[in-house]
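Chain by chain, the residues:
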Amino acid sequence: AAATATLAFAQSAANSPPQVVTTGTGEVQLSPDRATVMLGVQSRATTVAQATADNSRRQRAIIDTLRALGLGSDQITTVNFNVSPEMQYPPNQSPKVTGYVVTNMVRASLRRIEDVGRTIDAALAKGANEVSGIEFTSSRADSARRAAIADAVVHARADAEAMARAAGGSLGQLLELVSGVEPIRPFEATMARARVAAAAPTPIEPGQLTLSATVTARWAFIPSR
């Protein structure tokens, strides 16, 4: 973990005792152990019925494949289904419908990072032609958040003690302690629409996640006698 701090020395009101105010930041690195993949099928045809039938057939094959890979019903979620006309706008003529586009997107929630590549490859082989993104997260976010907060408090107190000594006094009791945690920024890998299945296994590198916590603390300042 790493931390930085910004410092302030304040007297809150004209007649109130002086105070020491510090802000400390803690940062924790996490290795992701979870991932979500967005897998979709986009179908085009001259009629809605044809486009829908093609889309349903391919998306059903993808969902069946995901289940065969071990994903449960709670790990597969439809996140978008859209039917829209394709239009032509001839000069000096009324617009006309030339066909229809049906899009169906599912989110696959994976509990093992090593399953990401083979899941993508299996979906592409069954007719997926959109992989809109991969998001990596961690199941250890809560413990990492607490570790980042604790680290931030340690640094805030160390800076407060240094300020108090430099000002010719010492640190008194803690008056206020407020935390603010930045959410984990999941790493997102965006993939272009795929027209055919990859010839080689898809390589996936999850990298690292970062979680930061900031605390602002206020202590009483005790002047030297």
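Here the residue numbers are simple positions, counted from 1 along each chain's written sequence. Totals for whole chains, interfaces and linings use all residues, but because this is a predicted model, local features are given only for residues with pLDDT of at least 70 and pairs of side-chain atoms are given and counted only at 80 or more. With hydrogens and water stripped out, all remaining heavy atoms of the structure feed into the side-chain values.

1. Focus on the confidence of the model for the chain
The predicted model of the chain averages 85 in pLDDT, with 84% of residues at 70 or higher. Residue-level confidence of the predictor, termed pLDDT, takes values from 0 up to 100. Only runs of H or I of at least four residues qualify as helices and only runs of E of at least two qualify as strands under DSSP, and these elements are numbered from the N terminus. Confidence, read as mean pLDDT per element, is least for strand β1 (residues 2-10) in the chain (44) and greatest for helix α1 (residues 48-68) (96). In the model, residues 1-13 has pLDDT below 50 throughout and makes 37 contacts with residues more than four positions away in sequence or in other chains. Note on contacts: a residue pair is in contact if any heavy atoms of the two residues lie within 4.5 Å. When the criterion is pLDDT under 50, residues 189-199 qualifies, and its contacts beyond four places in sequence or with other chains add up to 22 contacts.

2. Some thoughts on the pairing of strand β5 (residues 96-110)
On a regular strand, each side chain points to the face opposite its neighbour's, so the side chains alternate between the two faces of the sheet. Relative to β5, strand β3 (residues 34-45) runs antiparallel, the two being bridged by 11 bridges. Residue pairing in the sheet places valine 41 in a bridge with asparagine 104 of β5. Pairing between two strands is assigned when DSSP locates at least 2 bridges connecting them. The sheet contact formed by strand β4 (residues 76-88) and β5 spans 12 bridges and is antiparallel. Bridge pairing in β5 places proline 85 opposite tyrosine 100.

3. Observations concerning the side chain of threonine 22
Within the element layout of this structure, threonine 22 appears in strand β2 (residues 19-30). Relative accessible area serves as the criterion here: at 0%, threonine 22 is assigned to the buried category. Any pair of N or O atoms that falls within 3.5 Å is considered a polar contact. Within protein, one atom must be able to donate a hydrogen and the other to accept it, and sequence-neighbouring residues count only if both atoms are side-chain atoms. For threonine 22, the side chain forms a polar contact with the main-chain oxygen of alanine 156, separated by 2.9 Å. Per-residue accessibility, obtained with a 1.4 Å probe over protein chains only, is compared with the maximum for each type, and a residue is labelled buried under 20%, exposed over 50%, and partly exposed between these values.

4. Thoughts on unusual backbone geometry
Phi is positive for asparagine 92, close to 60°, though the residue is something other than glycine. Its place among the elements puts asparagine 92 in the loop between β4 and β5.

5. What about the pattern of salt bridges?
Here, a salt bridge means any Lys or Arg side-chain nitrogen found within 4 Å of an Asp or Glu carboxyl oxygen. For the coordinates displayed, the defined rule picks out 12 salt bridges. Between glutamate 114 and arginine 112 there is a salt bridge, with its nearest N and O atoms 3.6 Å apart. Glutamate 114 gets classed as exposed once you look at its relative accessible area, which sits at 55%. When the shortest N-O distance is used, the salt bridge between glutamate 161 and arginine 157 registers 3.1 Å. Of this pair, glutamate 161 and arginine 157 are both found in helix α3 (residues 141-166), 4 residues apart, which corresponds to roughly one turn of the helix. Since its relative accessible area comes to 39%, arginine 157 is described here as partly exposed.

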